[in-house]
Amino acid sequence: MAINDPVGDLITRIRNAQMRRHSTMNVPASKLRGWVLDVLEAEGYIRGYSRVEKDGEKPNFEVELKYYEGAPVIQKIKRVSKPGRRVYSSVRDLGSVRNGLGISIVSTPKGVMSDAAARDANVGGEVLCEVY
């Protein structure tokens with residue numbers, strides 16, 4: 001099945017798995033999804049992920065979700081730039097999420113990174129999603 005919005009699909013799968021209190025979830029593997037998961041892992045929103053390849057099947061990422069005192073660490077995850085309406089931001093216009101308690105994941109010419117890392121690298125780009 002072709003997916004038009006791989007990041008939107010990843011976000012929806014994370015949201016659905018956390019509503020059902022799953023400890024792990026599977027999502028089809030792609031480079032962009034891997035880069036987004038790298039940022040989520042580096043910022044402490046997920047425990048980690050691994051690439052799972054089975055014979056005769058396409059590769060998947062198995063994502064370990066993170067909970068604190070029974071509540072999901074990711075309280076809200078929202079897609080910002082969508083296929084129908086792309087949202088780009090310069091480094092000066094990258095705002096903070098929840099007064100610095102959350103992050104924006106930004107696709108820049110230097111790679112996919114958090115908004116704080118993009119400010120440090122002095123680059124802007126497409127705002128993929130917001131997490132807090």
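Quick look at the structure, then.

Calculation rules
Residues numbered from 1 in each chain as written. Predicted model: local features only at pLDDT ≥ 70, side-chain atom pairs only at ≥ 80, totals over all residues. Heavy atoms only, no water. Helix = DSSP H or I, 4+ residues; strand = E, 2+ residues; numbered from the N terminus. Polar contact = N/O pair within 3.5 Å; in protein donor to acceptor, adjacent residues only side chain to side chain. Salt bridge = Lys/Arg side-chain N within 4 Å of Asp/Glu carboxyl O. Buried < 20%, exposed > 50% of the residue type's maximum accessible area, 1.4 Å probe, protein only.

## Brief notes about the environment of E53
Inspection of the secondary structure puts E53 in the loop between β2 (46–52) and β3 (60–65). Spatially, the C-alpha atom of E53 lies 9.5 Å from that of A29, the residues being 24 residues apart in sequence. At 3.0 Å, the side chain of E53 and the side chain of R51 are in polar contact.

## Observations regarding the pattern of salt bridges
All chains considered together, the criterion is met by seven salt bridges. Between R86 and E126 there is a salt bridge, and its shortest N-O distance comes to 3.0 Å. Note that R86 is positioned in the loop between β6 (77–79) and β7 (88–89) and E126 in strand β10 (residues 125–131), a separation of 40 residues in sequence. Residue E126 is classed as buried on the basis of its relative accessible area, which comes to 13%. The closest approach of N and O atoms between R119 and D115, which form a salt bridge, is 3.4 Å. Taken together, the positions of R119 and D115, both in helix α3 (residues 115–121) and four residues apart, correspond to about one turn of that helix. Here R119 falls in the partly exposed class, since its relative accessible area comes to 32%.

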